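Understanding the architecture of this molecule
Spelled out from the first residue to the last, the chains are:
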Amino acid sequence: MATKQMLFSGFGGQGILFAGKFLAYKGLLEEKQVSWLPSYGPEMRGGTASCSVIVSDTPVGSPIVSNPDVLVAMNLPSLDRFEDAVVPGGLIIADSTLIERKVKRDDVKVCYIPATRLASDNQLGNLANMIIVGKLMALLDDYNEDGINAALSKVISARHADMKDVNLKAITLGKTFEEE
Amino acid sequence: MSEKILMKGNEAIAEAAIIAGCRHYFGYPITPQTEIAAYMAKKMPKIGGCFLQAESEIAAINMVYGVASAGKRVMTSSSSPGVSLKGEGLSYLAGSDLPSLIVNVQRGGPGLGGIQPSQSDYFQSTRGGGHGDYHMIVLAPASVQEMAQLTVKGFELADTYRMTSMILADGTMGQMMEPVSLDFDVKPAPEKPWATTGTQMAREHNIVNSLSLVPEELEQFNFARYDRYKIIEENETMYEEYMVEDADIVLAAFGIAARVSKNAVDEARKMGIKAGLIRPITLWPFPKAPFKAAADHCKAFISVELSMGQMIEDVRLASECKRSVYLCNRAGGMIPDPKQVLDSIIKVNGGNE
Amino acid sequence: MVVFDKPHALIDVPLHYCPGCTHGIIHRLVAEVIDELGIEGKTIGIAPVGCSVMAYNYFNCDMIEAAHGRAPAVATGVKRADPENHIVFTYQGDGDLASIGMAETVHAAARNENITVIFINNAIYGMTGGQMAPTSLPGQVTQTSPYGRDVKHCGYPIKVCEMLSELEGPEYLARVTVNNVKNVRAAKKAIKKAFQNQIDGKGFSLVEVISSCPTNWGMTPKKALEWIDSDMIPYYPLGVYKDRTAEKEGE
């Protein structure tokens, strides 16, 4: 991996920023160069939220991801808006519980994962984001448990330490999910 | 080096200010910099400091004036429309030779404008921001690490030269998270015998003042201030050069525009175009020397800005108009992407050789 | 035996105020209070923009010149820089305090900022040559109300003490005047209380002093002092508008 440019997008409240922050921290702990940039403004309060995450072996230039290697779309407006921006050969992960249509492009890899349904079926509340993150790390061949544990400890404050287990469960669930 | 942590640019500024010994913060909420106030509101009461939400930006800058008069490190932060309101105070701080730190996390303008990133307060900042002959030291961070580092530096410079330092950032710098190390050697504040802390009946009274009704006298104050500015220009100018040495096309960009430009320079080099970047870190004093030197070997300059073209004037002045200076810009809260900058490089280069 | 001496807190230089202006009396009262309370060494005064802009040349304590109307905000900064050791007062005219600086005044009062405010109300802008002030009386002729203040056109004068007394914040609000010996004595008592309150940590104390401006009122000094009685005080009654400590003790 030289530079991985990732874009997470969905509704406010789906944990888009948190998922991005987790991956940025994981990168940092693995001694990569990282940046995390949220969209900000009124969309934070219920509209579309997105965040750019870059994990790289070399210093990060622009922190803005306009052409992602990886797009995580957690709602339809996000897929509509960013599908065409993904680099050829890139990866799109779509939450198929909330996005009924298929990806139109045929020059990218696509993974449909019903993350929102999986979360509710497994009593994982609103952790669809972390189920997707689990799948994402598996698909990128970047799944290492020590790194995941360490990064979770960074992004979950000590006060909410009990949340670590459910996050781990969600990540594992995403990793082992097989597309039908 | 201490452990790096992920931090938002705005929070890095706040924490660095505390590390630099700032215990007084006054501000008024405005997007996209409110995290600074929120951080201070949480932290200051725990360390014996003072966070106070002022009734306006005008009041906030005058509270800064009060603490600065009393000789302590103090700051305020705002975003473009709020900084306009502070303009009066900035002028008084300059006229009274008071040290302080002001943060402007810029957003698109004019007027109420928008809340997305911008660099369109370049003129306002580098030319002083208020009425009268004066400058502020204007520092332009291009990473979260620099947001922290230049905050510490800003306090030190402010105290050394008895003037205002401004951190001129933008929405992306404020909102983005990057790894940051907060391990700083902070220069302690110098003695401030001029401060109004009470005479203790042991000295003549101190007066902090910018009024001077005798023009001959006021002229001398201005001369003295500009003598000081000259020393700053000689000693404190900061910039970064990236692949400038053999460059045909030299970009000029600061803050987020410099980050985007670096990507474009890399892409251009891959295509065989010799591009380079000069990134001013101090916008005032503007780093004239590297532009003058580059003008001897480059074909042209491109000023990359999130404005309608403001720094471009300083690039022209610094390069003494020896080479053409082109503008590559977005405005109103839009950010140029590396592709746009690359296209601009190709065009100015006369195609891809 | 010395029976009359210059207060130490006042510097022995000629004041620039017009003949018959009451700024001199009020400066002296503030200085006497500073002397009597023994606080000169820890006092920082904030001068306004207006006639008393150069008050920093007259008081012996440390002084700061503030932007027009901003003295309460500057005072807030100075006070909070070292709340235990700084005694801070502002000295402001009516244009400064009640027009351009009204927001700063109201919010300092609302915060019960532990400062002392000396508010000089002479119903006119003196320094700029006699324009209408926020406190100019209905019908009052000034340079910018040449046909008399028309309340239908430019509204009513602001009664600062009455207005601030509606706030929970302030500790002490009083209106006094200095147009005769008896009133001067009462004014000094109020000013002293306003400083003592700060020393005791009680909070925002404002003394409004109804003053004269013979030059811009177009009157002799004597007539101006009489005009205070005949025209100013009926609109701006003297008295204590808020005294939280006294209220509590009375309960």
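Residues numbered from 1 in each chain as written. Chains lettered and ligands numbered in written order. Predicted model: local features only at pLDDT ≥ 70, side-chain atom pairs only at ≥ 80, totals over all residues.

Observations regarding the overall build of chain A
If you tally the helices and strands in chain A, you get 6 helices and 6 strands. Element order for chain A, N to C, with α for helix and β for strand: β-α-β-β-β-α-β-β-α-α-α-α. For chain A, the C-alpha radius of gyration of 15 Å lies close to 16 Å, the compact-globule estimate for 180 residues. Dimensions along the principal axes, computed over C-alpha positions, put chain A at roughly 40 × 40 × 35 Å. The buried share of chain A, taken over its 180 residues, is 48%. The long-range fraction of contacts in chain A, counting pairs at least 24 apart against all pairs at least 6 apart in sequence, stands at 58%. (Helix = DSSP H or I, 4+ residues; strand = E, 2+ residues; numbered from the N terminus. Rg over C-alpha atoms; globule rule 2.2 N^0.38 Å. Buried ≥ 20, exposed ≤ 12 C-beta atoms within 10 Å, placed from the backbone. Contact = placed C-beta atoms within 7 Å.)

Structural notes on the interface of chain B and chain C
Listed by partner, the interface residues are 32 residues for chain B and 30 residues for chain C. Elements represented by at least two residues in the side of chain B that touches chain C include exactly strand S3 (50–53), helix H3 (57–69), helix H4 (80–95) and strand S9 (207–208) of chain B. Per-element accounting of the side of chain B that touches chain C gives the leading share, 9 residues, to H3 of chain B. Its residues assigned to classes, the side of chain B that touches chain C comprises 14 nonpolar, 15 polar and 3 charged. Note: S9 of chain B against strand S2 (residues 62–65) of chain C, 2 bridges, orientation parallel. Within the sheet, the bridge partner assigned to isoleucine 207 of chain B lies in S2 of chain C and is methionine 63 of chain C. (Nonpolar A, V, L, I, M, F, W, Y, C, P; charged D, E, K, R; others polar. Pairing = 2+ DSSP bridges.)

With respect to helix H4 (residues 102–110) of chain C
For H4 of chain C, the full list of buried residues reads Glu104, Thr105, Ala108 and Ala109 of chain C. One side of H4 of chain C holds all its buried residues, which, seen down the axis, span an arc of 125°. Looking at the buried residues of H4 of chain C, the elements they touch are H3 of chain B together with helix H2 (71–81), helix H3 (94–100) and helix H6 (160–164) of chain C. After H4 of chain C finishes, the residue asparagine 112 of chain C shows a positive phi value of roughly 50°. (Arc of directions from axis to C-beta.)

A closer look at the interface of chain B and chain A
Many structure descriptions define interface size as the accessible area lost when the parts assemble. Counting from both sides, the interface comprises 19 residues of chain B and, opposite them, 16 residues of chain A. Of the residues forming the side of chain B that touches chain A, the biggest block, 4 residues, is contributed by helix H9 (residues 255–270) of chain B. Considered class by class, the residues forming the side of chain B that touches chain A number 9 nonpolar, 5 polar and 5 charged.

Structural notes on unusual backbone geometry
Outside of glycine, negative phi angles account for most residues, and trans bonds account for most peptide bonds. Residue and element names in this part refer to chain B. A cis amide bond links threonine 31 with the next residue in sequence, proline 32, at an omega value of 5°. Following glycine 109, the chain continues to proline 110 via a peptide bond in cis, the omega torsion being 0°. With respect to the helices and strands, proline 110 occurs in the loop between strand S5 (100–106) and helix H5 (122–126). Here methionine 201, not a glycine, exhibits a phi torsion of approximately 60°, which is positive.

Here we look at the pairing of strand S2 (residues 33–38) of chain A
Residues and elements named next belong to chain A. The buried fraction of S2 is high, at 5 of 6 residues. Note that S2 and strand S3 (residues 48–56) share 6 bridges and pair antiparallel. Within S3, the residue paired with glutamine 33 across the bridge is serine 56.

Comments concerning the nonpolar core
The tendency in soluble globular proteins is for nonpolar side chains to be buried as a group. Within the largest apolar cluster, 241 residues are counted, with the highest numbers of intra-cluster contacts made by Ile131 of chain A together with Ile118 of chain C. Counting only domains with at least three residues in this core, you end up with domain 1 (5–194 + 204–235) and domain 2 (240–348) of chain B. Leaving out residues up to four positions away in the same chain, isoleucine 118 of chain C has contacts with Ile26, Val30, Phe89, Thr90, Tyr91, Ile191, Val207 and Val209 of chain C. (Core = buried A, V, L, I, M, F, W, Y, C linked by C-beta atoms within 7 Å. Domains from an automatic or database assignment.)

Quick notes on the domain arrangement of chain B
All names here are of chain B. We note that the domain assignment places domain 1 (5–194 + 204–235) and domain 2 (240–348) within chain B. Averaged C-alpha coordinates put domain 1 and domain 2 at centres separated by 27 Å. Take the side of domain 1 that touches domain 2: its biggest share by element is 4 residues, from H5. The residue inventory of the side of domain 1 that touches domain 2, partitioned by class, reads 14 nonpolar, 10 polar and 3 charged.

Observations concerning the sheet that holds S3 of chain B
Residue and element names in this part refer to chain B. Across the sheet, 7 strands lie side by side as S3-S2-S4-S5-S7-S6-S13; this open sheet has mixed pairing. A strand with exactly one partner marks an edge of an open sheet, and here the two such strands are S3 and strand S13 (282–284). In this sheet, neighbouring strand axes are inclined to one another by 20° on average, regardless of whether the strands run parallel or antiparallel. The pairing of strand S2 (residues 24–27) with S3 spans 4 bridges and is parallel. Looking across to S3, one finds that phenylalanine 26 is bridged to leucine 52. (Axes fitted to C-alpha atoms, helices over the stretch in contact; angles between N-to-C directions.)

Some details on the environment of threonine 197 of chain B
All names here are of chain B. Residue placement: threonine 197 occurs in the loop between strand S8 (177–180) and S9. Judged by local crowding, threonine 197 falls into the buried class, with 21 C-beta atoms found within 10 Å. C-alpha separation for the pair threonine 197 and serine 69, spaced 128 residues apart in sequence, amounts to 8.1 Å.

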